[in-house]
Amino acid sequence: MYGMSNQQQILLSKIATNNGHGENSPYFDGWKAYDSDPYHHIENPNGVIQMGLAENQLSFDIVEEWLLKNPKASICTMEGMSEFRDKAIYQDYHGLTQFRNAVAKFMGKVRGDRVVFDPNRIVMSGGATGAHELVTFCLADPGDAFLVPTPYYPGFDRDLTWRTGVKLLPVICESSNDFKITRKALEAAYEKAQEEKTRVKGLLITNPSNPLGTVLDLETLKSIVTFVSEKNIHLISDEIYSGTVFGSPGFISVSEIIEEMECNRDLIHIVYSLSKDMGFPGFRVGIVYSYNDDVVNVGRKMSSFGLVSTQTQHLIASMLSDDEFIENFISKNSEKLSKRYEDFSSGLYEAGIRCLKSNAGLFFWMDLRRLLKEPTPAAEMALWQLIIHKVKLNVSPGLSFHCSEPGWFRVCFANMDDETMEVALERIRSFVKKDLSAKRQRWQDNLKVRLSFRRLDDPHMMSPHSPIPQSPLVRART
């Protein structure tokens, strides 16, 4: 294990000493590069700009305004102190009733009120990380596997496998169809698992996608639900970015699909959190919403290991119960994300960089394939090292997302202010310009070399005084 001696490994458990956390992934290496040299516009203007962290910091002003107007929502204020003793003591691990009611209502609101969520099916956990592990413990045993379409969030390798002993098997999706999840790809991954004698217990999807920033269409969702129903395996739908959609087409939840078609609802589970939609990753509010009664009951017992503090529940319940605030937040947040997306995408376009067309999430899926020296994982890592250490931008390489095609990178755009965004764009423009200029020079140099060799090798380029015949016509006259 990274940074651990052999003696320490002997003293600790196998879980503690294995590499299951995935800390040696380039995804986390990028964070370390930023932490060791963080950009600051005054104190460290040449530092690394963090573009590998999917945080939404664009709408804090809306939240802060609400907090100032509603001091009673916090038990740490004079106005809210009367609730302190009640919230400081032990609470039922089901969660505060008002908290579950408010979260269920907010989940419906984010989905356009097209579906109603039952507060009694909400199981809380410490962020989406804890929620994913919790539902994995409920559904699978060590050695079992979940299918996961690629590219997928690198943290899944930690969240679902490290302590559970469960495997993740990639469903290979390709850029030729914008990385869509096809029935053919699902069947191929499932059949491969069968051949390897691996028991598949479920399929994990992210909708909207991390890292693609795209939403699943109606037909794809129906195909997925049909697939899991036919195979009798579980479906975990990670919908933590459902409130970040800022353009068409709109978001469709799996909860809407199962209202329209016949399926075994015991197989359907949703993971949600407030980390992305509200921008509260530090609050660690994770949710498992399962249509399976046993998962709800067992999940609540397991949630004892990662509850949301009652202080946080109290604040969130107050905030999410304010209908006027929620309507305003959802609308304004979408506008802010849309503007940042347009500003950033136009800046990349001016630099000659293309991205997968997207309309959700807090990131781009950036195509740098033409900057690779060759289409290999090694070339992608070499380019990434250059971007990290020379350009000083922490972007995440597609390899860490299990992308099958080298040259794609995830770039987060909502975790910085406008000034930092402009600095980042200028660095990208400068880098691309220099890289293309260097490539153009190498091409010209190679061309000169090839032409030089051609003059020496081509008999038609020889001196007219050469005794060697230059053409069949010459030979015919001698």
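Residues numbered from 1 in each chain as written. Predicted model: local features only at pLDDT ≥ 70, side-chain atom pairs only at ≥ 80, totals over all residues. Heavy atoms only, no water.

**Considering the overall build of the protein**
- Regarding its fold elements, the protein presents 17 helices and 13 strands.
- A burial count over the protein gives 50% of its 478 residues as buried.
- Long-range contacts, defined as pairs at least 24 residues apart, comprise 72% of the intrachain contacts of the protein with a sequence gap of at least 6.
- As displayed, the protein offers around 23600 Å² of accessible surface, 53% of which is attributable to carbon and sulfur atoms. (Helix = DSSP H or I, 4+ residues; strand = E, 2+ residues; numbered from the N terminus. Buried < 20%, exposed > 50% of the residue type's maximum accessible area, 1.4 Å probe, protein only. Contact = heavy atoms within 4.5 Å. Areas by Shrake-Rupley, 256 points an atom, 1.4 Å probe, with all protein chains shown as cover.)

**Focus: the environment of Leu 320**
- Relative to the helices and strands, Leu 320 is located in helix α13 (residues 310-320).
- Taking relative accessible area as the criterion, Leu 320 reaches 3% and is therefore assigned buried.
- Separated by 216 residues in sequence, Leu 320 and Ala 104 place their C-alpha atoms 9.6 Å apart.
- Each residue touching Leu 320, except ones within four places of it in the same chain, is listed here: Ala 102, Val 103, Phe 106, Leu 274, Met 278 and Ile 326.

**A few points about the environment of Val 200**
- Among the secondary structure elements, Val 200 is positioned in strand β5 (residues 200-206).
- For Val 200, a relative accessible area of 7% translates into the label buried.
- For Val 200 and Ile 233, which are 33 residues apart along the polypeptide, the C-alpha to C-alpha distance reads 7.2 Å.
- Not counting chain neighbours up to four residues away, the residues in contact with Val 200 comprise Ala 145, Leu 147, Leu 169, Tyr 190, Ala 193 and Ile 233.

**Some points on the side chain of Ser 242**
- For Ser 242, the location among the structural elements is in the loop between β6 (234-238) and α11 (254-260).
- In this structure Ser 242 comes out as buried when scored by relative accessible area, which is 3%.
- There is a polar contact of 3.5 Å between the side chain of Ser 242 and the side chain of Arg 111.
- Here Asp 277 takes part through its side chain, which lies 3.3 Å from a polar atom of the side chain of Ser 242.
- Sequence-distant contacts of Ser 242, that is, excluding residues within four places in its chain, are made with Val 110, Arg 111, Pro 208, Phe 251, Tyr 272 and Asp 277. (Polar contact = N/O pair within 3.5 Å; in protein donor to acceptor, adjacent residues only side chain to side chain.)

**Comments concerning the packing of helix α9 (residues 183-195) against helix α10 (residues 218-231)**
- In the contact formed by α9 and α10, the axes pass within 10 Å of each other and the chain directions differ by 30°. Considering their axes alone, α9 and α10 lie roughly parallel with respect to each other. Crossing angle aside, the handedness with which α9 passes α10 is right-handed. Residue-level inspection shows Arg 183, Leu 186, Glu 187 and Tyr 190 of α9 in contact with α10, the latter providing Ser 223, Ile 224, Thr 226, Phe 227, Glu 230 and Lys 231.
- Per-class residue counts for the contact of α9 with α10 are 4 nonpolar, 2 polar and 4 charged. (Axes fitted to C-alpha atoms, helices over the stretch in contact; angles between N-to-C directions. Parallel < 35°, antiparallel > 145°, perpendicular 65-115°, else oblique. Left-handed = near helix turned anticlockwise from the far one by under 90°. Nonpolar A, V, L, I, M, F, W, Y, C, P; charged D, E, K, R; others polar.)

**Looking at the sheet that holds strand β10 (residues 363-367)**
- In space, the 4 strands of this open sheet follow the order β9-β10-β13-β12, with antiparallel pairing throughout. Every interior strand has two partners, whereas the edge strands, β9 (354-355) and β12 (396-397), have only one.
- Pairing of β9 with β10 involves 2 bridges; the strand directions are antiparallel. Each residue of the ladder has a partner; that of Cys 355, found in β10, is Met 366.
- Sitting on the sheet, helix α14 (residues 323-350) is in contact with β9, β10 and β13 (408-412), with an inclination near 15° to β10. (Pairing = 2+ DSSP bridges.)

**Some remarks on the sheet that holds β5**
- With mixed pairing, the 7 strands of this open sheet are ordered in space as β2-β8-β7-β6-β5-β3-β4. Every other strand in the sheet has two partners, leaving β2 (122-126) and β4 (167-171) as the edge strands with one partner each. Pairs of neighbouring strands in the sheet enclose a mean axial angle of 25°, with direction left out of account.
- As paired strands, strand β7 (residues 268-273) and strand β8 (residues 285-290) are joined by 5 bridges and run antiparallel to one another. Of the residues in β8, the one forming a bridge with Ile 270 is Tyr 289.

**Some thoughts on helix α7 (residues 127-139)**
- Counted at 1.5 Å a residue, the expected span for α7 with its 13 residues is 18 Å, and the 19 Å between its end C-alpha atoms agrees.
- Counting buried positions along α7 yields 10 of 13 residues, so the element is predominantly enclosed.
- Within α7 the residues assigned to the buried category are Gly 127, Ala 128, Gly 130, Ala 131, His 132, Glu 133, Leu 134, Val 135, Thr 136 and Leu 139. (Expected span 1.5 Å × (residues − 1).)

**Some remarks on α13**
- For α13, a buried count of 9 out of 11 residues is recorded, marking the element as mostly surrounded by other parts of the structure.
- Burial in α13 covers these residues: Thr 310, Thr 312, Gln 313, His 314, Leu 315, Ile 316, Ala 317, Met 319 and Leu 320.

**Considering unusual backbone geometry**
- Looking along the chain, the bond that leaves Asn 207 and enters Pro 208 is cis, with omega of -5°.
- Residue position: Pro 208 is located in the loop between β5 and α10.
- Not every positive phi belongs to a glycine, and Lys 392 is a case in point at roughly 65°.
- Here Lys 392 is to be found in the loop between α15 (377-391) and β11 (393-394).

**A closer look at the pattern of salt bridges**
- Counting across every chain of the model gives 25 salt bridges.
- Residues Asp 29 and Lys 32 are paired through a salt bridge, measuring 3.6 Å at the closest nitrogen-oxygen approach. Taken together, the residues span about one helical turn, with Asp 29 and Lys 32 both in helix α3 (residues 26-36) at a distance of 3 residues.
- With a closest N to O distance of 3.5 Å, Lys 336 and Asp 61 form a salt bridge. Of this pair, Lys 336 sits in helix α14 while Asp 61 sits in helix α4 (residues 60-69), and the two are 275 residues apart along the sequence. (Salt bridge = Lys/Arg side-chain N within 4 Å of Asp/Glu carboxyl O.)

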